[in-house]
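One-letter residues, chain by chain:
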Amino acid sequence: MFNIKNQILSILVFTSLMAFMSSCTGDLSTTPLDNDVQTSVSVYETQGDYEQVLAKLYAGLALTGQSGGSGAPDIQSDDEGFSNYMRQLFAAQVVSTDEVVVAWDNPNFQPYNFQSWSASNSFVFMMYSRVYYEIALANEFIRNAKGNNDPTIQTYNAEARFLRALSYWHALDLYGGGVPFVTENDGVGAYNPPSISSDSLFNYIENELLAIEDQLSAPGQGEYGRANRAAAWTLLTKLYLNAEVYIGEPHYTEAITYAKRVIDQGGYQLEDNYQDLFLADNHTANGIIFAVPSDGENMQSYGNTNYIIHASVGGNMSASNFGIDGPWAGNRVTPEFVNKFDLDNDSRAMFFTDGQTLDIEDPINFQHGYAVTKWQNITSNGEPGSRPAFVDTDFPMFRLADVYLMYAEAIERGGQGGDNSEALSLVNDIRERAYGDASGNITSSELDLEFLINERARELYWENHRRTDLIRFGMFTGSDYIWSWKGEQKDGTATDAIYNLYPIPSSDINANPNLTQNPGY
């Protein structure tokens with residue numbers, strides 16, 4: 001991915017970007033990537049310059065700053081490792097659900113176990129800050145690239161617009177309408193950005209993705225780790241599938257349309273071995289549409305998959321068996337989640353049980369709850385990754401099996417243009433991989449919404465989908481679905497619907513009079 005690891009140190013941040021960030025995120029501060037003040041004229045002189053800044057945009061999902069694991073952070077935080085984009089997304093999307101109870105007695109983490117966070121929670125702030133830092137970087141890139149007629153730079157520009165749309169989708173999904181909105185067309189400098197409604201932000205993301213799809217590389221032809229048309233189609237599918245949540249309007253027919261494009265034109269196929277998707281050489285696995293790369297030698301971070309793998313190991317587990325230097329003893333799963341699996345036959349049921357109890361009596365005891373072995377810094381040949389302290393395993397943000405399941409769900413929800421028999425066949429392809437034969441196949445009468453929410457859990461756990469899925473099914477808050485420690489009770493209890501959205505951080509509410517806090521906070 002354009003030598004991303006070696007080019008990060010040379011990317012420059014601009015004084016205008018600093019002013020924008022301080023205005024849009026309250027007391028958020030950023031650290032320049034170079035001590036010399038540079039202007040956009042000197043930074044964007046050659047195609048290679050654009051390539052380097054684009055590398056920084058992609059790296060913003062995986063890294064936290066300019067000095068590997070820590071030392072020169074992009075944003076201010078108490079612990080740079082916690083501020084990683086993908087680490088905070090995992091907390092927001094996974095730890096808040098039945099897929100994880102975290103053992104660390106951290107005052108910011110435990111509210112994610114219980115669905116009791118507030119607008120002053122520093123993790124809520126860090127996720128929000130990462131989203132808007134990425135948007136600010138993309139805006140500056142797009143502002144400079146849009147007038148350049150070089151076809152290669154225009155492809156880079158489309159990729160930057162995809163990354164901005166991805167972050168704005170995260171803003172919509174996590175924080176709802178009323179978030180700040182700034183594009184390359186707004187002036188630079190310190191000011192209070194206006195808020196945007198859910199409807200308008202939905203339309204903006206949709207229009208951006210539709211505008212760039214033909215400018216991106218064809219599926220299977222671009223470099224690994226870079227966005228192509230299939231990535232844009234997958235994000236459109238996700239946007240449309242959740243439209244009833246976001247804007248109160250169904251867009252299931254559109255979800256079917258774009259899922260079909262991935263399936264029919266994407267050039268992807270299911271990986272034969274499920275776990276190969278989550279190992280140190282998963283860049284060679286089939287079915288990954290868009291990945292966030294990780295490299296133990298050159299892309300060091302205490303977030304992304306380095307966090308996921310280290311935090312999943314503890315108790316009687318051998319760290320070396322996972323290719324890492326030691327356990328962090330953080331995340332394990334609830335009994336309600338384990339019970340969704342056919343433990344004897346479904347190969348996706350990757351749980352470590354030796355010394356672990358199924359029930360979680362104490363949320364801060366790692367050995368209460370089954371551990372997960374799905375993610376490893378070991379290659380498909382059984383060799384350890386390049387470094388035990390920093391893993392090589394990439395994060396598959398979008399993959400083909402997810403698209404199969406979204407296609408089937410959109411049909412079940414009444415979307416037009418799909419084929420029920422094809423949906424059943426695709427779902428059974430996933431299950432045949434899981435079971436090794438047709439013994440786990442389902443019939444057409446069994447393919448319903450209840451089956452699909454559970455199959456999504458079995459196929460996609462710990463991949464940052466669960467919160468969004470549960471909200472779409474009306475199961476995240478309230479009493480329709482209860483799991484251990486939801487609502488801060490061992491057996492779980494109903495939680496308030498306000499937690500379907502995260503609050504806008506109080507620091508930004510206080511700094512920007514154009515913003516209104518989400519209800520209940």
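Here we summarise the structure given alongside this text.

Here is what the cut-offs are and how they apply
- Residues numbered from 1 in each chain as written.
- Predicted model: local features only at pLDDT ≥ 70, side-chain atom pairs only at ≥ 80, totals over all residues.
- Heavy atoms only, no water.
- Helix = DSSP H or I, 4+ residues; strand = E, 2+ residues; numbered from the N terminus.
- Buried < 20%, exposed > 50% of the residue type's maximum accessible area, 1.4 Å probe, protein only.
- Contact = heavy atoms within 4.5 Å.
- Areas by Shrake-Rupley, 256 points an atom, 1.4 Å probe, with all protein chains shown as cover.
- Lys, Arg positive; Asp, Glu negative; His and termini not counted.
- Charge placed at Lys NZ, Arg CZ, Asp CG, Glu CD.
- Salt bridge = Lys/Arg side-chain N within 4 Å of Asp/Glu carboxyl O.
- 1 Å grid on protein atoms, 1.4 Å probe; cavity = no way out; pocket = protein on both sides within 12 Å on 5 of 7 lines; lining within 4 Å.
- Points joined across faces, edges and corners; volume = space filled by probe spheres on them.
- Nonpolar A, V, L, I, M, F, W, Y, C, P; charged D, E, K, R; others polar.
- Phe/Tyr/Trp six-rings, centres within 6.5 Å; stacked < 30°, edge-to-face > 60°.
- Lys NZ or Arg CZ within 6 Å of the ring centre and 35° of its normal.
- Core = buried A, V, L, I, M, F, W, Y, C linked by side-chain atoms within 4.5 Å.
- Pairing = 2+ DSSP bridges.
- Expected span 1.5 Å × (residues − 1).
- Axes fitted to C-alpha atoms, helices over the stretch in contact; angles between N-to-C directions.
- Parallel < 35°, antiparallel > 145°, perpendicular 65-115°, else oblique.
- Left-handed = near helix turned anticlockwise from the far one by under 90°.

1. So, the overall build of the protein
Point 1. Within the protein, the regular secondary structure consists of 19 helices and eight strands.
Point 2. In terms of principal-axis extent, the alpha carbons of the protein reach across some 60 × 50 × 50 Å.
Point 3. By residue count, 64% of the 521 residues in the protein fall in the buried class.
Point 4. Relative to all contacts within the protein whose residues are 6 or more apart in sequence, the contacts with residues 24 or more apart total 69%.
Point 5. Carbon and sulfur atoms make up 43% of the accessible area of the protein, which amounts to about 17500 Å² in all.
Point 6. Positive and negative side-chain charges in the protein, numbering 29 and 68 respectively, have mean positions lying 2 Å apart.

2. Quick notes on the environment of Glu244
Point 1. Within the fold, Glu244 resides in helix 11 (residues 243–247).
Point 2. Look at Glu244 and you get partly exposed, because its relative accessible area is 41%.
Point 3. Between the alpha carbons of Glu244 and Tyr44 there is a distance of 41 Å; along the sequence they are 200 residues apart.
Point 4. Leave out the neighbours within four places in its chain, and Glu244 touches Glu249, Pro250 and Tyr252.

3. Topic: the pattern of salt bridges
Point 1. With the rule as written, the count across this model stands at 31 salt bridges.
Point 2. Across the pair Arg130 and Asp74 runs a salt bridge whose closest N-O atoms are separated by 3.4 Å. Residue Arg130 is located in helix 7 (residues 122–145), and its partner Asp74 is located in the loop between helix 4 (47–62) and helix 5 (85–95); the two are separated by 56 residues in the primary sequence.
Point 3. Arg130 sits in the buried class, given a relative accessible area of 1%.
Point 4. Ionic pairing is found between Lys490 and Asp491, a salt bridge with its closest N-O pair at 3.3 Å.

4. With respect to the layout of surface pockets
Point 1. Space inside the largest pocket adds up to approximately 270 Å³.
Point 2. Residue lining of the largest pocket: 18 residues in total, with Gly220, Tyr224, Tyr268, Ile288 and Ile289 positioned closest to the centre.
Point 3. Tallied by class, residues from the lining of the largest pocket come to seven nonpolar, nine polar and two charged.

5. Section: the packing of aromatic side chains
Point 1. In total, this model carries 42 aromatic pairs according to the counting rule given.
Point 2. The interplanar angle of 75 degrees and the centroid separation of 6.0 Å between the aromatic rings of Tyr44 and Phe141 together place this pair among those described as edge-to-face. Within this pair, whereas Tyr44 is found in the loop between helix 3 (40–43) and helix 4, its partner Phe141 is found in helix 7, the two being separated by 97 residues in sequence.
Point 3. On the basis of relative accessible area, Tyr44 is assigned to the buried category, the value being 8%.
Point 4. The aromatic ring of Tyr461 is capped on one face by Lys374, whose charged end is 4.1 Å from the ring centroid.
Point 5. Taking the ring centre of Phe473 as reference, the NZ or CZ of Arg413 above it sits at 4.5 Å.

6. Remarks on the environment of Glu488
Point 1. Considering the arrangement of structural elements, one finds Glu488 in the loop between helix 18 (466–472) and helix 19 (506–511).
Point 2. Taking the C-alpha atoms as reference points, Glu488 and Gln110, 378 residues apart in sequence, are found 9.1 Å from one another.

7. A few points about the nonpolar core
Point 1. Core analysis: the largest hydrophobic core is formed by 160 residues, its most contacted members being Phe141, Phe162, Ile205, Phe290 and Trp462.
Point 2. Per-element accounting of this core gives the leading share, 15 residues, to helix 7.

8. Quick notes on empty space enclosed by the protein
Point 1. A full pass over the atoms with the stated rule returns four cavities of 30 Å³ or more.
Point 2. Volume-wise, the largest cavity comes out at about 90 Å³.
Point 3. Contributing to the lining of the largest cavity are Met86, Leu89, Gln93, Trp169, His170, Lys238, Phe395, Met397, Phe398, Glu463, Asn464 and His465.
Point 4. Only helix 5, helix 8 (151–175) and strand 8 (395–399) provide two or more residues apiece to the lining of the largest cavity.

9. Let's talk about the pairing of strand 4 (residues 288–292)
Point 1. Summarising burial for strand 4: five of the five residues are buried, a large majority.
Point 2. Note that strand 4 and strand 8 share four bridges and pair antiparallel. The partner of Ile288 across the bridge, within strand 8, is Arg399.

10. So, helix 13 (residues 304–311)
Since the α-helix advances by 3.6 residues per turn, residues separated by three or four positions end up pointing in the same direction.
Point 1. The element helix 13 is extensively covered by neighbouring structure, given that eight of its eight residues are classed as buried.
Point 2. Of all the residues in helix 13, the buried ones are Asn304, Thr305, Asn306, Tyr307, Ile308, Ile309, His310 and Ala311.
Point 3. Of the surrounding elements, those touching the buried residues of helix 13 are helix 4, helix 5, strand 4, strand 5 (331–332) and strand 8.

11. A few points about helix 16 (residues 420–435)
Point 1. The terminal C-alpha atoms of helix 16, which comprises 16 residues, lie 22 Å apart, in line with the 22 Å expected from a rise of 1.5 Å per residue.
Point 2. Within the span of helix 16, buried status applies to Ala423, Leu424, Leu426, Val427, Asn428, Ile430, Arg431, Arg433, Ala434 and Tyr435.
Point 3. Where helix 16 terminates, the next one or two residues include Gly436, which has phi positive at roughly 85 degrees.

12. Remarks on unusual backbone geometry
Point 1. Phi is positive for Asn464, close to 70 degrees, though the residue is something other than glycine.
Point 2. Overall, Asn464 belongs to the buried group, its relative accessible area being 8%.
Point 3. With a phi angle near 65 degrees, Glu488 is a residue other than glycine that sits in the positive phi range.

13. Considering the packing of helix 15 (residues 400–412) against helix 17 (residues 449–460)
Point 1. The geometry of helix 15 relative to helix 17 is characterised by a closest axis approach of 10 Å and an angle of 170 degrees between their N-to-C directions. Taken together, the axes of helix 15 and helix 17 lie roughly antiparallel to each other. Between helix 15, through Ala401, Asp402, Leu405, Met406, Ala408, Glu409 and Glu412, and helix 17, the contact on the second element is made entirely by Leu449, Leu452, Glu455, Arg456, Glu459 and Leu460.
Point 2. The residue makeup of the contact of helix 15 with helix 17, split by class, is seven nonpolar, no polar and six charged.

14. Brief notes about the packing of helix 5 against helix 8
Point 1. At a minimum axis distance of 12 Å, the contact between helix 5 and helix 8 shows a crossing angle of 25 degrees. Considering the angle they form, helix 5 stands roughly parallel to helix 8. Like other packed secondary-structure pairs, helix 5 and helix 8 cross with a definite hand, here left-handed. Contact residues: Tyr85, Leu89, Ala92 and Gln93 in helix 5; Ser167, His170, Asp173 and Leu174 in helix 8.
Point 2. Residue classes in the contact of helix 5 with helix 8 are distributed as four nonpolar, three polar and one charged.

15. Some points on the environment of Gln269
Point 1. Inspection of the secondary structure assignment puts Gln269 in the loop between helix 12 (252–265) and strand 4.
Point 2. Measuring from C-alpha to C-alpha, the distance between Gln269 and Ile289 comes to 10.0 Å, with 20 residues separating the pair along the chain.
Point 3. Apart from residues lying up to four places away in sequence, Gln269 is in contact with Asn286, Gly287 and Leu400.

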